[in-house]
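# Structure assessment
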Amino acid sequence: MSEFLIVVTNILLFLTLYMQVLLLYTFFEKKNVFSNTGGNGESPLKRYPIVTIIVPVFNEEKTLGGTIESLLALDYPKDKLDILVVDDGSTDNTLTVANTFKTNPQVRVFTKENGGKHTAVNLGISYSRGEFIGCLDADSFVDKNALSRIIRCFEDEKVMAVTPAIKVHTPENILQQMQSVEYNMGVFLRKVYGSMNAIHVAPGPFSIFRKEVFEKLGGYVKAHNTEDMEFAMRMHKNHYPIANVYDSYVYTVTPKTVKGLYKQRLRWVYGFLANARDYREMIFNKKYGNLGMFTLPAAIVSIFAALFFTALAIGRFIAQIAKRFMEFQAVGFPTRFEWPHFDWFFVNTSETAVVVYALSLSTLFVIFVGKKLSDGNMKPQMNIVYFFLFYGILAPAWLFKAVYNVVFNKKTTWR
Amino acid sequence: MHTADWKKYFYVFLVTVAIFLTAFFVSDTLGNKKIQDIQTMQNRVSIDILSSETQFALLSESSCETVGDTSLSKDLDSLAAKLSYAEVSLNSNKEDVLWLKKNYSLLEIKDYVLMKKLSERCKVKPVYLLYFYSNANGSCPDCQKQGVVLTELRKKYPGLRVYSFDYDLDLAALKTLVSLYKIQPELPAIVIHQRAEYGWKSVEDMEKIMPELATLTGTTTETTKEK
């Protein structure tokens, strides 16, 4: 490796390690916060304010029923729950499915011409009755305690929005199991970022806001198909804190195919970069605290570090292929089989490799802590193996395309 | 209100620097341990050669039958592989690796000289070759390929002795060997039957040049140090 590549590698490794250490440092620093269930266990709330949950839906006839049923099963007074289903011009039986729930007094159904998710949510906001307003994507399902745990967090009057812990709904194939590890890590990250007031996304599945947030900041606006990210950035710009409740569980359906996952992640990463560009004055701006000084720069550095290390790995892979080809040219296919034997001498013990081992260990730690937060146990499962085997191969594809799209100003599509 | 945890950023910076320094320390310690491993192996090989030399010295007082196995230590194959790996990967121990490489080359030359004397005295015909390569960037594009061929040849004919030398190594004994056989810097170069052959040679080419390979049935071991 050339001197220049070694220097860049070490700088990026240092930054990556710094980010990991900061996350773990914060985790241990706020350990007591992490050990409480929603802050105060399952005792009754001081009061039960009216909460409006908007379900924007477009062509989701298969999952919509389950989504509404999970809302109706929430452990929250029925008369304080206001469910608005907003059909965004679906072309399948979504509206018919939604109308079957109209018999429930909490459920209201609206339909409109297709205009994008944010227009559906904005319509819902305009009809909302609640003191708190949330959104639930029609491919997600809530745990019965999710809402009460989130509302408890609003007992702190400074908190303007609360995000939940998102888990994968019944992971079936290897791809979904891989994603379940990633989502568990997300639970850890969101909790840590929440304690730093540095959450940069209030995700579609069940983020809840004080109504005054919409009254003062307005509704959602079209923002690179990641309107929830834009809204969170706008909140931060106006210094509205976003908290997280790690045990308010929401389950979401994740892509089953590589193509579906690629499109979804491309939209997310592109949306993040495009929104970060729109709100670039927040980056490295101490006025925005940990968000400006850590979360946003860290997310950007992570993307470029991942692309750099992928390029290095591809370079090494090509070199290996070239070596094998040269060996084949020299002596043909191997004529005798030799059992591989382990000799520690040939283990890579360079400075870079040792730092990578340390990083891998800390990633493993984050995975297990995320699992503990999500599932209540640290039992190792095969999905961790799938994550280590496949995530590093798949993720660079959407990271590269997202950067390419931002640089060359190419739009992404929702589906 | 947003706040930045400057103190925490600073502490985390210190922790990260500490982890980085620890990684450097661990890497250096393990690198030194690897160097020690090679040294230990070289010491064993050195003792083997000394033993052979002593046997040779005793030849004047006894018959060739009593000399026994004059093969180099079995460590040499793995020593060569480890040296090659160390040369590429132990960047922080370059000086040590270079020293070990010189030591290794000297051991090879010593064995080569001993083997020649022994074959003259005992009228045996060992099958051997000298291989000169270069690791300098761009100076020998075919050296890696030639190394693969010689390794394959060693697997096929375990009795074949391959003495491999880095042409660019600054070692007086090696320079003497180079001038003795008038090796030109047109690498790879292989000395067979006291004559230098230049350019890449396949396994088949080597078998044609060295028909005596077919006679090899012994278990003598030697090494091929690839680039």
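Structure: see above.
This write-up is about the structure you can find in this document. The written sequence of each chain sets the order in which its residues are numbered from 1. Numbering of ligands from 1 and lettering of chains from A proceed in the order in which they are written. Owing to the predicted nature of the model, reporting of local features is limited to residues with pLDDT of at least 70; listing and counting of side-chain atom pairs is limited to 80 or more, with chain, interface and lining totals taken over all residues.

## Brief notes about the overall build of chain A
Runs of E in the DSSP output that reach at least two residues are strands. Runs of H or I that reach at least four are helices, and both are numbered from the N terminus. When you go through chain A residue by residue, the secondary structure sums to 13 helices and 8 strands. The C-alpha atoms of chain A give a radius of gyration of 23 Å, which matches the 22 Å a tight globule of 415 residues would have. By its C-alpha atoms, chain A is 80 × 45 × 45 Å across when sized along the principal axes. Residue burial is a threshold on neighbouring C-beta atoms within 10 Å of the residue's own C-beta, all placed from the backbone, with 20 or more meaning buried, 12 or fewer meaning exposed, and counts in between meaning partly exposed. Across the 415 residues in chain A, those meeting the buried criterion constitute 44%. Two residues qualify as a contact pair if the distance between their C-beta atoms, derived from the backbone, is within 7 Å. Put simply, 83% of the contacts in chain A that link residues at least 6 apart link residues at least 24 apart. For the radius of gyration, the atom set is restricted to C-alpha positions; the globular benchmark scales as 2.2 Å times the number of residues to the power 0.38.

## Regarding the interface of chain B and chain A
Listed as interface residues are 29 residues of chain B and, on the opposing side, 29 residues of chain A. Going through the elements one at a time, helix 1 (6-58), helix 2 (75-89) and helix 4 (143-156) of chain B are the ones with two or more residues in the side of chain B that touches chain A. Broken down by element, the side of chain B that touches chain A gets its largest block of residues, 15 residues, from helix 1 of chain B. Residue classes follow a fixed rule: Ala, Val, Leu, Ile, Met, Phe, Trp, Tyr, Cys and Pro count as nonpolar, while Asp, Glu, Lys and Arg count as charged, and any other residue, Gly among them, counts as polar. The class makeup of the residues in the side of chain B that touches chain A is 15 nonpolar, 7 polar and 7 charged.

## Describing the pairing of strand 1 (residues 128-133) of chain B
Residues and elements named next belong to chain B. For strand 1, the tally of buried residues reaches 6 of 6 residues, placing the bulk of the element in the interior. Burial of strand 1 is two-sided: the residues Tyr128, Leu130 and Phe132 facing one way and the residues Leu129, Tyr131 and Tyr133 facing the other way are all buried. Relative to strand 2 (residues 161-166), strand 1 runs parallel, the two sharing 6 bridges. Each residue of the ladder has a partner; that of Leu129, found in strand 2, is Val162. Strand pairing follows a simple DSSP-based rule, namely that at least 2 bridges must link the two strands. The pairing of strand 1 with strand 3 (residues 189-192) spans 3 bridges and is classified as antiparallel. Paired with Leu130 across the two strands is Val191, which belongs to strand 3.

## Here we look at the environment of A:Lys211
Residue and element names in this part refer to chain A. With respect to the element layout, Lys211 can be found in helix 8 (residues 211-217). For Lys211, a count of 18 C-beta atoms within 10 Å puts it in the partly exposed group. C-alpha of Lys211 to C-alpha of Ala161: the two residues are 50 residues apart in sequence and 9.6 Å apart in space.

## Structural notes on the sheet that holds strand 3 (residues 107-111) of chain A
Residue and element names in this part refer to chain A. Overall, mixed pairing links the 8 strands, which are arranged 3-2-1-4-7-6-8-5 in an open sheet. The open sheet has two edge strands, strand 3 and strand 5 (140-142), and neither has a second partner. Adjacent strand axes in the sheet meet at a mean angle of 30 degrees when their direction is disregarded. As paired elements, strand 2 (residues 81-87) and strand 3 share 5 bridges and run parallel to each other. Within strand 3, the residue paired with Asp87 across the bridge is Thr111. Here an angle of 0 to 180 degrees is reported between the N-to-C directions of two axes, which are lines fitted to C-alpha atoms, with helices fitted over the stretch in contact. Across the sheet, helix 6 (residues 146-153) touches strand 1 (51-57), strand 4 (132-135), strand 5, strand 6 (161-168), strand 7 (208-210) and strand 8 (242-252), and the angle it forms with strand 8 is around 175 degrees.

## Things to note about helix 5 (residues 117-127) of chain A
Residue and element names in this part refer to chain A. Across the 11 residues that make up helix 5, a large majority, 9, are buried. Where helix 5 is concerned, the buried positions are Lys117, His118, Thr119, Ala120, Val121, Asn122, Leu123, Gly124 and Ile125. Where helix 5 is buried, its residues contact strand 1, strand 2, strand 3, strand 4, helix 8 and helix 9 (227-237).

## Here we look at the nonpolar core
Counting residues in hydrophobic clusters, the biggest one holds 108 residues, and the most contacted among them are A:Val55 and A:Ala161. Considering every element that reaches this core, the biggest residue donor is helix 7 (residues 174-195) of chain A, with 8 residues. Each residue touching A:Val55, except ones within four places of it in the same chain, is listed here: A:Thr67, A:Ile68, A:Ile83, A:Leu84, A:Val85, A:Val86, A:Leu136 and A:Ala138. Connectivity within a nonpolar core runs through C-beta atoms within 7 Å, and the core itself is a set of buried Ala, Val, Leu, Ile, Met, Phe, Trp, Tyr and Cys residues. In terms of nonpolar packing, the next biggest core, distinct from the first, is built from 31 residues, B:Tyr133, B:Cys140, B:Leu150 and B:Val191 among them.

## Brief notes about the environment of A:Phe388
All names here are of chain A. Relative to the helices and strands, Phe388 resides in helix 13 (residues 382-407). Take Phe388: there are 15 C-beta atoms within 10 Å of it, and that puts it in the partly exposed class. Sequence separation between Phe388 and Asn114 is 274 residues, and the spatial gap between their C-alpha atoms is 40 Å.

## Examining the packing of helix 7 of chain A against helix 12 (residues 351-375) of chain A
Two quantities define a packed helix pair, namely the angle between the helix axes and the distance between the axes. All names here are of chain A. Axis separation between helix 7 and helix 12 bottoms out at 8 Å; the angle between their running directions is 85 degrees. Considering the angle they form, helix 7 stands roughly perpendicular to helix 12. Where helix 7 abuts helix 12, its residues Val181, Asn184, Met185, Val187, Phe188 and Lys191 lie against Val366, Ile367, Val369, Gly370, Lys371, Leu373 and Ser374. Within the contact of helix 7 with helix 12, the residues separate by chemical class into 8 nonpolar, 3 polar and 2 charged. Here the word oblique covers every angle except those under 35 degrees (roughly parallel), over 145 (roughly antiparallel) and from 65 to 115 (roughly perpendicular).

## Considering the sheet that holds strand 4 (residues 195-198) of chain B
Residues and elements named next belong to chain B. Sheet architecture is open: 4 strands sit in the order 2-1-3-4, paired in mixed fashion. Strand pairing shows two members of the sheet lacking a second neighbour, strand 2 and strand 4, which therefore form its edges. Direction aside, neighbouring strands of the sheet carry axes that sit 25 degrees apart on average. Packed on one face of the sheet, helix 4 meets strand 1 and strand 2 and runs near 160 degrees to strand 1.

## Here's the deal with helix 12 of chain A
One fewer than the residue count of a helix, multiplied by 1.5 Å, yields its expected span. Along its 25 residues, helix 12 of chain A runs 36 Å from first to last C-alpha, staying within 8% of the 36 Å computed at 1.5 Å per residue. Among the residues of helix 12 of chain A, A:Glu351, A:Val354, A:Val355, A:Ile367, A:Val369, A:Gly370, A:Lys371 and A:Ser374 are the ones counted as buried. For helix 12 of chain A, the secondary structure elements touched by its buried residues are helix 1 (3-29), strand 6, helix 7 and helix 13 of chain A together with helix 1 of chain B. Once helix 12 of chain A ends, the next one or two residues include A:Gly376, with phi positive near 80 degrees.

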